[in-house]
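Take a look at the letters that make up each chain.
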Amino acid sequence: MNVIKVGVLGARGRMGAEVCRAVEGADDMELVAAVDQGDALDALTAAQVVVDFTHPGVVMDNLRWCVEHGLHAVVGTSGFDPERLAAVRGWQADRPTGSPAGNVLIGPNFGIGAVLMMDFARRAAPFFESVEIVELHHPQKADAPSGTAYRTAELVAAARADAGTPPPPDATTSEIAGARGADVAGVRVHAVRLSGLIAHQEVLLGGHGETFTIRHDSMNRESFMPGVLLAVRRVGDLPDRLTVGIESLLGL
Ligand SMILES: NC(=O)C1=CN([C@@H]2O[C@H](COP(=O)(O)OP(=O)(O)OC[C@H]3O[C@@H](n4cnc5c(N)ncnc54)[C@H](OP(=O)(O)O)[C@@H]3O)[C@@H](O)[C@H]2O)C=CC1
Ligand SMILES: O=C(O)C1=N[C@H](C(=O)O)C[C@H](O)C1
């Protein structure tokens, strides 16, 4: 059996620690480096695949280092917008000819149910006049809206644009700032931070006297591990140097 050598960035964090446990429990993987804030990145050169669950403020430096060292990277850290994706593509394109080139897989959410929720939302979005997203997370979360909500809004907006669906009706002319949430690609996204929660999202669709709600709940951080391990196994064989989302790995 081929054993994949894995390095974890953010190894002492909530997700990183869970990934270390999952990798150590997988017969076809070996944890060769567990790196956190203040540790040298050099230990990661022993890895074939680096998994990053750190912070939106540091992930770009980490990822650039991985690309420049020709390592495959599976990234769970949130905060990826089109500009950041373009920067990653630029670093990959700048690799000298003949140097090892790593693939990058950025997963806005590694929960299998969450990926299905995003896919169902994308498919449903053109059929309803209105769509809004509510994401709900633990209060330790650093960023808002969540990467999952941001990606869902992008997918929903693209599906509606392709189908020629008009923007959702909204007669608001007076509001307290933030009351209607953030505008992500023309989709309203509302972020709740509440003790007791882990990671949850509702996509609310409405029109023609009916509503349709798609909801996903992560009850613990183990819920993300099947998707993370799948990504580690497959990142080296992906057809594109940069992939966003694990949908294609699930055959969606
Ligand atoms: N895609 C997905 O399915 C999921 C994504 N996430 C995302 O993963 C990220 C991490 O979440 P979570 O684990 O809850 O956060 P935590 O704050 O618990 O963990 C982050 C860890 O990274 C460390 N860290 C910070 N800077 C660096 C650095 N430069 N190099 C190495 N390690 C560093 C932190 O150290 P210190 O505390 O000292 O700063 C901390 O130990 C977030 O962006 C979150 O949104 C979370 C869950 C699922
Ligand atoms: O910070 C979290 O916890 C999570 N972050 C990711 C996001 O921003 O979407 C994934 C999941 O929602 C948990």
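The shown structure was predicted, so the numbers you read here are calculated from the model rather than taken from an experiment.

A. Here's a closer look at the site of ligand 2. Every residue lining ligand 2 is accounted for by Ser 78, Pro 108, Asn 109, His 137, His 138, Lys 141, Ser 146, Gly 147, Thr 148, Ala 199 and Phe 224. The contact in question runs from an oxygen atom of ligand 2 to an N or O atom on the side chain of His 137, over 2.6 Å. For ligand 2, an oxygen atom lies 2.9 Å from a polar atom in the side chain of His 138. When ligand 2 sits alone it has 320 Å² of accessible area, and the protein chains cover 84% of it. For the shell around ligand 2, the residue count by class is 3 nonpolar, 7 polar and 1 charged.

B. Molecular detail of the UniProt feature "active site" (unreviewed entry) in the protein. UniProt tags His 137 and Lys 141 as "active site" (unreviewed entry). When you line up the elements, His 137 lands in strand β6 (residues 130-137). In this structure His 137 touches Ser 146, Val 192, Arg 193, Leu 194, Leu 197, Ile 198, Ala 199 and His 200, once residues within four positions along its chain are discounted. With respect to the helices, strands and loops of the structure, Lys 141 is situated in the loop between β6 and α5 (147-163). Look at Lys 141 and you get buried, because its relative accessible area is 19%. Not counting the four nearest positions on each side in its chain, Lys 141 is found in contact with Ser 78, Ser 146 and Arg 193.

Each value, and the rule that gives it
Along each chain, residue indices are assigned from 1 in the same order as the chain's sequence is written. By the order in which they are written, chains take letters starting at A while ligands take numbers starting at 1. This being a predicted model, a pLDDT of at least 70 is required before a residue's local features are given, and a value of 80 or more before pairs of side-chain atoms are given or counted; all residues contribute to the totals for chains, interfaces and linings. Hydrogens and water molecules were not included; the side-chain quantities draw on all heavy atoms of the structure. Distances are taken per atom, and a residue is near a molecule or strand as soon as one of its heavy atoms is within 4 Å of it. Polar contact criterion, stated in full: a pair of N or O atoms within 3.5 Å, where within protein one must be able to donate a hydrogen and the other to accept it, and residues adjacent in sequence count only if both atoms are side-chain atoms. We get accessible surface area from the Shrake-Rupley algorithm with a probe of 1.4 Å; when it comes to residues, only the shown protein chains can shield them. The residue classification treats Ala, Val, Leu, Ile, Met, Phe, Trp, Tyr, Cys and Pro as nonpolar and Asp, Glu, Lys and Arg as charged. All others, Gly included, are polar. UniProt positions are given in the numbering used here, feature names are shortened, and annotations may be inferred rather than shown by experiment. In this description a helix means any DSSP run of H or I spanning at least four residues, a strand means any run of E spanning at least two, and both kinds are numbered starting from the N terminus. In this description, contact between two residues means that some pair of their heavy atoms is separated by no more than 4.5 Å. Relative accessibility under 20% of the residue-type maximum defines a buried residue, over 50% an exposed one, and the middle range a partly exposed one, all with a 1.4 Å probe and only protein chains included.

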